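# Understanding the architecture of this molecule
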Amino acid sequence: MFIKDLLKDKVILVTGGRSGIGYQIARSCLLYGAVVYITSRKEEKLKAAAKKLKELGPCYAIAGDIRAVEQVQNVAEHIKALSGRLDILVNNAGGQFPAPAQDISPNGWNAVINNNLNGTWYMTQIMAKEFFIPQQSGSIINIIANMFRGFPGMVHTGAARAGVDNITKTLAVEWSRFNIRINAIAPGIIQSTGLEQYPPELLKDVSDRIPLKRLGTTKEVADLAVFLMSPMANFITGETIYIDGGQRLWGDVFEF
Ligand SMILES: CCCCCCC/C=C/C(=O)SCCNC(=O)CCNC(=O)[C@H](O)C(C)(C)COP(=O)(O)OP(=O)(O)OC[C@H]1O[C@@H](n2cnc3c(N)ncnc32)[C@H](O)[C@@H]1OP(=O)(O)O
Ligand SMILES: NC(=O)C1=CN([C@@H]2O[C@H](COP(=O)(O)OP(=O)(O)OC[C@H]3O[C@@H](n4cnc5c(N)ncnc54)[C@H](OP(=O)(O)O)[C@@H]3O)[C@@H](O)[C@H]2O)C=CC1
């Protein structure tokens, strides 16, 4: 798709890189010549993913929960010790559960806000302070979700992702003085491991609600991430790109 050495020797951290979209982004980064770190909570699964990815290039696993500041700091310290720098951060880790808004417990609300808003923020701020600001250069990509028309059935994640969308715009301006670019990708419905938690009856016929009449692929999201982190996007910052087959613009919003 792109030239072979597009990301040669770039040091890249992909959160949630052990599965689905994050795994495919890590894979693509390696194919284009980068040194890749992946992080997630489940250490065994994370290590297994890194072992497979290592066949393509230098890939390291550092277990951690993005919701725990000290664990995020630990990820930064490991990267510093091994590579001495970080060029690109992909905030992909996240998730939620479908539930009617009136039934979400305070704990359930906080779990999703912590995962998708606070966790992304801790990662962003710590990696910027440890690497991007001192280096006077960096690129951040936030994977959010299609909440263009709200997110009926998942109000907690809609609120959290809207927060990250605004962080993206705010920091694009505030951190431009440090030569940091920050963009977001808002996937629609992507065929990936993440969909396994949704009831099959909900996923049935879902393609018909998408103008392009199919789900997206993890490869399509990864290609967009590679473009945004590459020099081809050097003048793009503060942007959220929807990759949803046109879903945000047409038809019913799915509802649980
Ligand atoms: C038509 C199809 C539509 C598809 C739309 C697709 C759009 C988006 C797709 C994706 O994002 S795919 C990727 C999804 N991947 C994941 O979601 C995986 C990660 N998810 C999680 O880890 C959880 O969802 C989580 C909530 C963030 C887990 O957090 P935590 O480990 O802290 O949870 P717990 O300690 O178990 O529970 C905390 C709290 O949350 C309540 N809760 C958790 N799961 C559910 C649930 N399924 N239903 C209702 N409530 C849930 C749990 O009960 C706890 O609250 P209390 O009971 O203590 O009050
Ligand atoms: N697939 C889709 O249709 C869509 C996905 N998205 C978003 O894209 C991202 C990737 O989704 P997808 O690949 O499909 O789903 P997955 O469930 O496969 O990926 C989620 C990844 O995040 C990691 N993760 C979750 N919570 C944490 C945490 N607190 N700390 C560290 N790592 C964590 C998980 O690993 P571990 O369990 O080991 O921690 C896992 O590797 C998610 O943010 C998702 O919400 C958005 C819109 C649509």
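Residues numbered from 1 in each chain as written. Chains lettered and ligands numbered in written order. Predicted model: local features only at pLDDT ≥ 70, side-chain atom pairs only at ≥ 80, totals over all residues. Heavy atoms only, no water.

## Section: the layout of surface pockets
Here the second largest pocket defines a volume of roughly 340 Å³. If you trace the second largest pocket, you find 18 residues lining it, with G138, S139, N179, R181 and N234 closest to the centre. (1 Å grid on protein atoms, 1.4 Å probe; cavity = no way out; pocket = protein on both sides within 12 Å on 5 of 7 lines; lining within 4 Å. Points joined across faces, edges and corners; volume = space filled by probe spheres on them.)

## Things to note about the pairing of strand β5 (residues 138–143)
Counting buried residues in β5 gives six out of six residues, a clear majority hidden from the surface. Along β5, one buried face is formed by G138, I140 and N142 and the opposite face, lined by S139, I141 and I143, is buried too. Taken together, the four bridges between strand β4 (residues 88–91) and β5 define a ladder with parallel strand orientation. Along β5, the bridge assignment pairs N91 with N142. Assessed by its sense of winding, the connection that carries the chain from β4 through helix α4 (residues 106–135) to β5 is right-handed. Bridge count for β5 against strand β6 (residues 180–187) is six bridges, and the pairing is parallel. When the sheet's bridge partners are listed, I141 is paired in β6 with N183. Handedness of the crossover joining β5 and β6 through helix α5 (residues 155–174): right-handed. (Buried < 20%, exposed > 50% of the residue type's maximum accessible area, 1.4 Å probe, protein only. Helix = DSSP H or I, 4+ residues; strand = E, 2+ residues; numbered from the N terminus. Pairing = 2+ DSSP bridges. Right-handed = clockwise from strand over helix to strand, strands pointing away.)

## A closer look at the pattern of salt bridges
Under the criterion given, the structure shown has eight salt bridges. A salt bridge links E43 to K47; the shortest N-O distance between them is 3.7 Å. With a gap of four residues between them, E43 and K47 both fall in helix α2 (residues 43–53), about one helical turn apart. You can call K47 partly exposed: its relative accessible area is 44%. (Salt bridge = Lys/Arg side-chain N within 4 Å of Asp/Glu carboxyl O.)

By themselves these figures say nothing about function.
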